[in-house]
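Residues per chain, in single letters:
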Amino acid sequence: MPADFKLNKTEKKRLSFLLIWMVFSLLFWNFTTGKLFPDTYSGVLLDRNGKLLQARIASDGQWRFPPGKKVPEGFKTALLHFEDKRFYYHPGIDPLRVAKALLNRIQGKPTKSGASTLSMQLVRISRRQNRTLYQKIMESVLALRLELVWGKEKILDTWCRQAPFGGNVVGIDAAAWRYFGKDASLLSQAQCCALAVLPNSPSLVRPGKNTRLFLKKRNQLLYKLKQKGLLSESDYQLACLEPLPAEPHPLPENAPHLLTSLLEGKIPAEKDAVKGFFQTSLDATLQERCLQKLAIHYPQWEANGILNGALLVLDIEKNEVLAYVGNVYQPHKSEADSYVDMIPSMRSPGSTLKPVLYAAMQEDGLLLPHSLVADIPTEISGYQPKNFDLSHSGAVAADEALARSLNIPAVRMLQQYRYERLHSLLKELGLKGLSKPADHYGLSLILGGGENSMWQLAGMYASLARRLNHFTRNSSRYFEKDIAAPAVSLQGTRNLGEPLKEVNGLGAGSIYLMVDAMKELMRPGDELLWQRFSSSRKIAWKTGTSFGNRDAWAIGFDSKYLVAVWAGNADGEGKSALIGLQIAAPLLFDVFRELPYANWFVKPYDQMQEVIACKKSGFLAGPNCEQRDTIWVCQAGKHAPVCPYHLKIQLSSDLKFRVNADCEQPGLRVQKNWFVLPPAMEWYYKNLDPTYQVLPPFRSDCSNNEQVKNMDLIYPKNGSTIYLPRNLDGKKQKVVLQAAHRRNSSKIYWNLNGDFIGETREIHQLAIQPEAGTYHLVLVDEFGERLEKWITIASQ
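The rules behind each value
- Residues numbered from 1 in each chain as written.
- Predicted model: local features only at pLDDT ≥ 70, side-chain atom pairs only at ≥ 80, totals over all residues.
- Heavy atoms only, no water.
- Pairing = 2+ DSSP bridges.
- Helix = DSSP H or I, 4+ residues; strand = E, 2+ residues; numbered from the N terminus.
- Axes fitted to C-alpha atoms, helices over the stretch in contact; angles between N-to-C directions.
- Parallel < 35°, antiparallel > 145°, perpendicular 65-115°, else oblique.
- Left-handed = near helix turned anticlockwise from the far one by under 90°.
- Contact = heavy atoms within 4.5 Å.
- Nonpolar A, V, L, I, M, F, W, Y, C, P; charged D, E, K, R; others polar.
- Patch = residues over 30% accessible without salt bridge, like charges linked within 9 Å, V, L, I, M, F, W, Y side chains within 5 Å.
- Areas by Shrake-Rupley, 256 points an atom, 1.4 Å probe, with all protein chains shown as cover.
- Salt bridge = Lys/Arg side-chain N within 4 Å of Asp/Glu carboxyl O.
- Lys, Arg positive; Asp, Glu negative; His and termini not counted.
- Charge placed at Lys NZ, Arg CZ, Asp CG, Glu CD.
- Buried < 20%, exposed > 50% of the residue type's maximum accessible area, 1.4 Å probe, protein only.
- Disulfide = S-S within 2.5 Å.
- 1 Å grid on protein atoms, 1.4 Å probe; cavity = no way out; pocket = protein on both sides within 12 Å on 5 of 7 lines; lining within 4 Å.
- Points joined across faces, edges and corners; volume = space filled by probe spheres on them.
- Polar contact = N/O pair within 3.5 Å; in protein donor to acceptor, adjacent residues only side chain to side chain.

It is not clear to me how the sheet that holds strand 21 (residues 755-761) should be interpreted in this structure. Could you clarify?
Working definition: the strands of a sheet are paired by backbone hydrogen bonds and lie parallel or antiparallel to each other. Here five strands make up an open sheet; going across it, the order is 18-24-23-20-21 and the pairing mixed. With partners counted over all chains shown, the strands left at the sheet margins are strand 18 (721-723) and strand 21, one partner each. Each adjacent strand pair in this sheet contributes to an overall mean axis angle of 30°, direction not counted. Across five bridges, strand 20 (residues 747-752) lies against strand 23 (residues 773-781) in antiparallel orientation. By the bridge assignment, Ile-748 is partnered in strand 23 with Asp-781.

Following this line, the structure appears as structure tokens:
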């Protein structure tokens, strides 16, 4: 530096200011660049119109709502006129108020208002320290710095959200709900003024205490607004008549489980949502109605030991959740586990997946809607499915089997379709809970052997309904975003994504056949005779009951809405009353009565075609089918199997016996088409269908040279392994062999490993108690027809 270097007065001032600024920057950098307040907020859940549904107190015990909504202008106006009328004109410190406060102190006069500005108060709130002279000076310095970095609007907005309003109420949003039971945007000017005076002395002036002083302060503020021309005389008079808030209002508890699941990430929230603040797609009115409906049904459930239940309502087109009841909320009953949200919880779906299998087989042309499926005692590699009522129909139409939720036909259909394919299809449709390989579930997959959540299950059926709707509305096209998980946030106008060149999984035709079959399920209670009334609402629906009566399901939808209901016990305890049709279905239809009417699905003709089907068997009509129907099926349905049950036979002239060329002249033989089921199917079917005619026997002088079986072994199946249980005394129980014969009066002679073990007539059942080993079972009827099977008896 040159020896003659000197600074003039102006340069010295500038240098001094720069040095002071640098010191301030170093001292208070953390204060202005770090977080002034911790992100400790209450969880807040609003409905689609901004109505509060649920709130949870913050971790520090304060009711402090997150900054998700704008502070109302009416409150800002009241606050500024009460606390800091020159807020927009000072740099964080109001020199006039400071001078006035000092003058009053020097003259010994009482101070009616302090010198603190909103900026200084905000610093004080954040620091939470005793207000010594040093702290007041620091507040002033930090307020200046805060003004430079934040600006007026951010300071005002933060003050409104962080100021104490008495007790553990912090911020205008929480105060509006706690003291007036409404959203801050709905506050009247009198209510804004009442809240504006609270932070000034929250311990002295608060609802329920010092009412006269509280009223005086509010009315003085109202008068000030009138003097400033912000209130007319009449508005002022009316505002003064408004009552003050009394004790704090309890916050609504209409969706506790959804708020918890959103906070914990079990249900996906909107990506850009403010932490802890959730503006949802729920409808507050519908949510309350659903809670009421559940409360009506719950006493019956509780009386049967059923402590938990859940309910979900979706808007199919928008893919939005309209109502979300995660459980029966009883926090006072710890044994009820009512805090558990059952909607994202993994449970056995019971029979609720059967419609998807039905649609998948239609899609592939493996069967038609009325194709007969065997419903007989079945054993597949040791797996023995049973119908819920333990009965057998012999043969049942596929759509009827779905309507009656028969287990045996479903398992036999899955065996044909292959469980690996169904497992892959279900995952494509959104059932992500099937995380294990297909072999882990096997054929039990169709009866609830896997686990899914209500969230996934409802999303899958809503996606299928949406795909069907969009196909018929958008020039027979499919879109990539038709299959999607539900959303609890408002979706607005949905982007359907790009059109698909080819459909993945189920097409519109098979989905339509599925919903058409689902609407025919027999409804419970008052809904039983719905088909007799033209005004009745068409609903595609399905129930489910898991193994051991642990879960009762009902899920239903039309073209616009989907409703899902679950009942059970969160701890997995089974109850005999836990049956989907009896427990869950009545609530489902009660909820549908609260929803606006929706038209039925439009038939997707571009994905369907007419075929001629056999009226008796439901398969494509063969040359021997006399009674035929023209029905709509998927395009692949034209390649479905042809009726295998109609045969052309030759009868004697009296139509009592079968004959052939060996025993009757051509002119005396009568040709007739005959509906013939396999013996095991026929055994059960003929008892339920009085029109079924058993195939006549051959005349005594005729030989049976036709390939038509007259008897079959019902139990056990060929190659089966049988485990004989033991009685309480340790002795092995007997196994009952069962066969079927077309002619009731026929005798069957039973032989085991070459030894005759008995004969039966009409009811062909025989009990045996063999030792462990492999046995050759031979059955011979009185006409010499022979049936051979191998069975294995295992020791236990």
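Right, picking up where we left off after that structure.
I would appreciate a short explanation of the packing of helix 18 (residues 454-473) against helix 19 (residues 508-518) in the present structure.
Each packed pair of helices is defined by two parameters, the angle between the axes and the distance between the axes. One can describe the packing of helix 18 onto helix 19 by two numbers: an axis separation of 9 Å at closest approach and a directional angle of 120°. The angle between helix 18 and helix 19 places the two elements in the oblique class. You can see that helix 18 and helix 19 cross each other, and the crossing is left-handed. For the pair helix 18 and helix 19, contact is made by Tyr-461, Leu-464, Arg-467, Leu-468 and Phe-471 and by Ala-508, Ile-511, Tyr-512, Met-514, Val-515 and Met-518, respectively. Broken down by class, the residue content of the contact of helix 18 with helix 19 amounts to 10 nonpolar, no polar and one charged.

How should the pairing of strand 23 be read in this particular structure?
Along any regular strand the residues' side chains alternate between the sheet's two faces. Bridge count between strand 23 and strand 24 (residues 786-794): eight bridges; the pairing is antiparallel. In the strand pairing of strand 24, Thr-774 is matched with Thr-792. The turn joining strand 23 and strand 24, which pair antiparallel and follow one another in sequence, is formed by four residues; a positive phi near 90° is taken by Gly-784.

Help me out: how do you make sense of a positive patch on the surface in this one?
Taken together, the side chains of Lys-85, Lys-100, Lys-224 and Lys-228 define a basic patch exposed on the protein surface. On the secondary structure map, Lys-85 appears in the loop between helix 2 (73-83) and helix 3 (95-107). Lys-85 gets classed as exposed once you look at its relative accessible area, which sits at 60%.

I tried to follow the sheet that holds strand 6 (residues 308-315) on my own but got confused; where do I start?
Strand order in the open sheet made by the five strands is 7-6-12-11-10, with antiparallel pairing throughout. Edge strands, defined here as strands with exactly one partner in the open sheet, are strand 7 (320-325) and strand 10 (540-545). Going across the sheet, the axis of each strand differs from the next one's by a mean of 10°, ignoring polarity. Sheet topology note: the strand 6/strand 12 (residues 561-568) ladder contains eight bridges and is antiparallel. Across the sheet, Leu-311 pairs through a bridge with Val-565, a residue of strand 12. The strands touched by helix 20 (residues 580-592) are strand 6, strand 10, strand 11 (551-557) and strand 12; relative to strand 11, the strand with the most contacts, the crossing angle is about 35°.

Teacher, can you tell me more about helix 19 here?
A turn of α-helix holds 3.6 residues, and therefore any two residues three or four places apart point the same way. Counting buried residues in helix 19 gives 10 out of 11 residues, a clear majority hidden from the surface. Every buried residue belonging to helix 19 is among Ala-508, Gly-509, Ser-510, Ile-511, Tyr-512, Leu-513, Met-514, Val-515, Ala-517 and Met-518, and all of these are buried.

Looking at this structure, how should I read the packing of helix 13 (residues 354-364) against helix 19?
Relative orientation of the contacting elements helix 13 and helix 19 amounts to 135°, with a least axis distance of 8 Å. Between helix 13 and helix 19, the angle is such that the two are oblique. Note that helix 13 runs across helix 19; the crossing there is right-handed. Together, Pro-355, Val-356, Tyr-358, Ala-359, Gln-362 and Glu-363 of helix 13 and Ser-510, Leu-513, Met-514, Ala-517 and Met-518 of helix 19 make up the contact between the two elements.

Just to check I follow, could you spell out the state of the cysteines for this structure?
As used here, a disulfide is simply a covalent bond connecting the sulfur atoms of two cysteines. The full count for this structure, using the stated rule, is one disulfide. Through a disulfide, Cys-663 is tied to Cys-702; the S-S separation comes to 1.5 Å. Torsion about the S-S bond of the Cys-663 and Cys-702 cystine: about 95°, corresponding to right-handed handedness. With Cys-663 in the loop between strand 15 (646-651) and strand 16 (670-675) and Cys-702 in the loop between helix 21 (679-688) and strand 17 (711-715), the pair connects residues that are 39 residues apart, well separated along the chain. Of the two residues examined, Cys-663 and Cys-702, each falls in the buried class. Cysteine Cys-240 shares no disulfide, and the gap to the nearest cysteine sulfur, in Cys-193, comes to 9.1 Å. Free cysteine Cys-625: the closest other cysteine sulfur is in Cys-614, separated by 3.2 Å.

Any chance you could explain the layout of surface pockets here in plain terms?
One way to see where empty space is left: roll a probe the size of a water molecule over the atoms. Within this model, the second largest pocket holds a volume of roughly 960 Å³. Around the second largest pocket, the lining is made up of 36 residues, and of these Ser-351, Phe-388, Ser-405, Asn-407 and Thr-545 lie nearest the centre. Taken together, the elements giving at least two residues each to the lining of the second largest pocket come down to strand 10 and helix 20. With five residues, the single largest contributor to the lining of the second largest pocket is strand 10.

Looking at this model, I keep getting lost on the pattern of salt bridges. Mind explaining?
For side chains of opposite charge, pairing can occur when their charged atoms come near one another. Applying the stated rule across the entire model yields 31 salt bridges. Residues Arg-289 and Glu-594 are paired through a salt bridge, measuring 2.6 Å at the closest nitrogen-oxygen approach. One end of the pair, Arg-289, is in helix 12 (residues 284-303); the other, Glu-594, is in the loop between helix 20 and strand 13 (608-614), with 305 residues separating them in the sequence. By relative accessible area, Glu-594 is classed as partly exposed at 27%.

Please explain the side chain of Ser-371 as it appears in this structure.
Here Ser-371 is to be found in the loop between helix 13 and strand 8 (372-375). Residue Ser-371 is classed as buried on the basis of its relative accessible area, which comes to 1%. At 3.4 Å, the side chain of Ser-371 and the backbone oxygen of Gly-618 are in polar contact. Apart from the residues lying within four places of it in its own chain, the contact partners of Ser-371 are Val-396, Ala-397, Ala-398, Ser-617, Gly-618 and Phe-619.

The quantities given are spatial measurements derived from coordinates; they are silent on function.
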